[in-house]
Amino acid sequence: MTASDSLPLTATRRFPPGFLWGAATAAYQIEGAAAEDGRTPSIWDTFSHTPGKVFEGHTGDVAVDHYHRFHDDVRLMADMGLTAYRFSVSWSRVQPTGRGPAVQKGLDFYRRLVDDLLAHGIEPVLTLYHWDLPQELEDAGGWPHRATAERFAEYAGIVARALGDRVGRWTTLNEPWCTAFLGYGSGVHAPGRTDPVAALRAAHHLNLGHGLAVQALRAALPPGAETSVSLNLHELRPLTSAPGDLDAVRRIDAVGNRIWLGPMLKGAYPEDLLRDTAHLTDWGFVRPGDLTDTNQVLDSLGINYYTPTLVAAAREGDAAPRNDGHGASAYSPWPGSEDVAFHQPPGERTAMGWAIDPTGLYDLLLRVAGENPGLPLLITENGAAFEDEVGADGTVHDPRRVAYVHGHLEAVHRAIADGADVRGYFLWSLLDNFEWAYGYAKRFGAVHVDYETQARTPKSTANWYAGVARSGELPALDGA
């Protein structure tokens, strides 16, 4: 029996003192003001303005207008009892061409945002890159090009020098797997390229950029500032115990998880990943010294989790579309493992079609903690999209999201009881927003946004989460 097994389901679960209660957003998804104060197009501006790439031609030009409404949004955070807010900086708002001096008006926006957060007792948690590469850098080769990693480190230093006196927690990259393999492999994300070798090159240069950025941050930040990275690690399960299905787990684990965990935390790529992809590349783009640069000591590791992934060896006659939950494309985001079959896990689903299974988060936390003893963990994204509706009385009642978050916080509490050093939880997302290729069709927010009027309405989740954040306790759900 583990420590967590002894706690009755009806018990209130208390989280450790100092546990961070947060919510998260990303610049392109919420800011808008796409051409104001010197900002130039990112790859997501270009991609969203390309016909057929985003649902109904939606773009982030206005998004939820956070650039002009951030004071109101910070007050919403305070009302939710948040002790931390995770946001990203728009690279092209700060450094429009991806090189050269910063635009001070861009930095001033983030200075004002951070000052407002601090005035409300909310700790800023800054992410340097959440997928919005300046278009000029993509035109010069993008992440498959080594120079992009070097430009990223320069940008990290610029932001650190501007905000390091008031921001103590720094994250280099958000979900580099999506950047590399959805952006350059399957093409369902910006910049929309479909080249498996370019995707692998991008993965390496993201690893390298992360390491160079950590070095740049440490050179510019005061002592005590913390550095991290946020990975969307895949909790993998085999369809059966057959050897082929177990090997499918190994393959996807290599290109989905260990391609980041190996270089960043151990200083090496997994040998099986190199074998699986040898027919595509000899990995000659990895230069001497790269893996030393990539392997930087981190103060924490961010984990983003939504749903488990069920895989199997492809069976004869399999002709169904790749069902991995990462968008429809004729091109695979899994180089070296294109013949792995993905299956829908059983159970209730969100509006994204993702199975709801908090045990996946528990298992993932125990795995990462076991493999990396002494490394603090943060849940930097977790949440769900549902078909929310505004009621006749103007309220938004979303009990399914409350249940989703409750179940996953329960899993986090179990993991802590069983030895995982989890320091905080960030709900995705604070606000309904531009959900990448889904445009405004999917709502993840704790706060409902009317996209016509920009009116904000806290949902039941926001009010419930405020009680948890203020008390540090997870009560049993009604009816438990």
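In the annotation of an unreviewed UniProt entry, the entry for the chain reads Beta-glucosidase, and the organism field reads Streptomyces gobitricini. Per UniProt, the chain carries the Catalytic activity (unreviewed entry) text "Hydrolysis of terminal, non-reducing beta-D-glucosyl residues with release of beta-D-glucose." Per UniProt, the chain carries the Sequence similarities (unreviewed entry) text "Belongs to the glycosyl hydrolase 1 family."

Enquirer: Where do I start with the overall build of the chain in this structure?
Expert: Each helix and strand counted, the chain has 15 helices and 15 strands in total. Against the compact-globule benchmark of 23 Å for 480 residues, the chain has a radius of gyration of 21 Å, which places it among compact chains. C-alpha extents for the chain along the principal axes are approximately 60 × 55 × 45 Å. Considering the chain as a whole, with its 480 residues, one finds that 60% of them fall into the buried category. Here the contacts in the chain between residues at least 6 apart in sequence split such that 78% fall between residues at least 24 apart. As displayed, the chain offers around 17,400 Å² of accessible surface, 53% of which is attributable to carbon and sulfur atoms. Taken as two groups, the 40 positive and 60 negative side-chain charges of the chain have centres that lie 3 Å from each other.

Enquirer: Hey, could you run me through the UniProt feature "active site" (unreviewed entry) in the chain in this one?
Expert: The residues that UniProt annotates with the feature "active site" (unreviewed entry) are E381. The buried category is assigned to E381, whose relative accessible area is 4%. Beyond its immediate sequence surroundings of up to four residues, E381 is in contact with R86, H130, N174, E175, I303, N304, Y305, Y306, F426 and W428.

Enquirer: I tried to follow the side chain of S337 on my own but got confused; where do I start?
Expert: Tracing the sequence through the fold places S337 in the loop between β9 (309-313) and β10 (340-343). Note on S337: relative accessible area 1%, which makes it buried.

Enquirer: Mind showing me how you'd approach helix α14 (residues 399-417) here?
Expert: Since there are 3.6 residues in each turn of an α-helix, residues three or four apart along the chain are aligned in direction. Taking 1.5 Å per residue as the helical rise, α14 with its 19 residues ought to reach 27 Å, and the 27 Å between its terminal C-alpha atoms agrees with that figure. One or two residues past the end of α14 sits G419, with phi positive at roughly 110°.

Enquirer: Hey, could you run me through the side chain of E435 in this one?
Expert: One can find E435 in the loop between β12 (422-428) and β13 (447-449). Put simply, E435 is tucked away with no salt bridge, and the nearest opposite charge, on K442, sits 10.0 Å away. There is a polar contact of 3.4 Å between the side chain of E435 and the side chain of Q29. Not counting chain neighbours up to four residues away, the residues in contact with E435 comprise Q29, W428, K442 and F444.

Enquirer: When you look at empty space enclosed by the protein in this model, what are you seeing that I'm missing?
Expert: Vacant regions in the atomic arrangement are exposed by a probe of water-molecule size rolled over the atoms. Taken as a whole, this structure holds three cavities of 30 Å³ or more when the rule is applied. Roughly 70 Å³ of internal volume is contained in the largest cavity. Lining the largest cavity, in full, are V125, R169, W170, T171, E226, T227, S228, S300, L378 and T380. Elements with a minimum of two residues in the lining of the largest cavity: β5 (169-174), β6 (226-231) and β11 (377-382). Approximately 50 Å³ is the volume found for the second largest cavity. Class assignment for the residues of the lining of the second largest cavity results in three nonpolar, three polar and four charged.

Reading guide: rules and limits
Residues numbered from 1 in each chain as written. Predicted model: local features only at pLDDT ≥ 70, side-chain atom pairs only at ≥ 80, totals over all residues. Heavy atoms only, no water. UniProt positions renumbered as here; feature names shortened; annotations may be inferred. Helix = DSSP H or I, 4+ residues; strand = E, 2+ residues; numbered from the N terminus. Rg over C-alpha atoms; globule rule 2.2 N^0.38 Å. Buried < 20%, exposed > 50% of the residue type's maximum accessible area, 1.4 Å probe, protein only. Contact = heavy atoms within 4.5 Å. Areas by Shrake-Rupley, 256 points an atom, 1.4 Å probe, with all protein chains shown as cover. Lys, Arg positive; Asp, Glu negative; His and termini not counted. Charge placed at Lys NZ, Arg CZ, Asp CG, Glu CD. Expected span 1.5 Å × (residues − 1). Salt bridge = Lys/Arg side-chain N within 4 Å of Asp/Glu carboxyl O. Polar contact = N/O pair within 3.5 Å; in protein donor to acceptor, adjacent residues only side chain to side chain. 1 Å grid on protein atoms, 1.4 Å probe; cavity = no way out; pocket = protein on both sides within 12 Å on 5 of 7 lines; lining within 4 Å. Points joined across faces, edges and corners; volume = space filled by probe spheres on them. Nonpolar A, V, L, I, M, F, W, Y, C, P; charged D, E, K, R; others polar.

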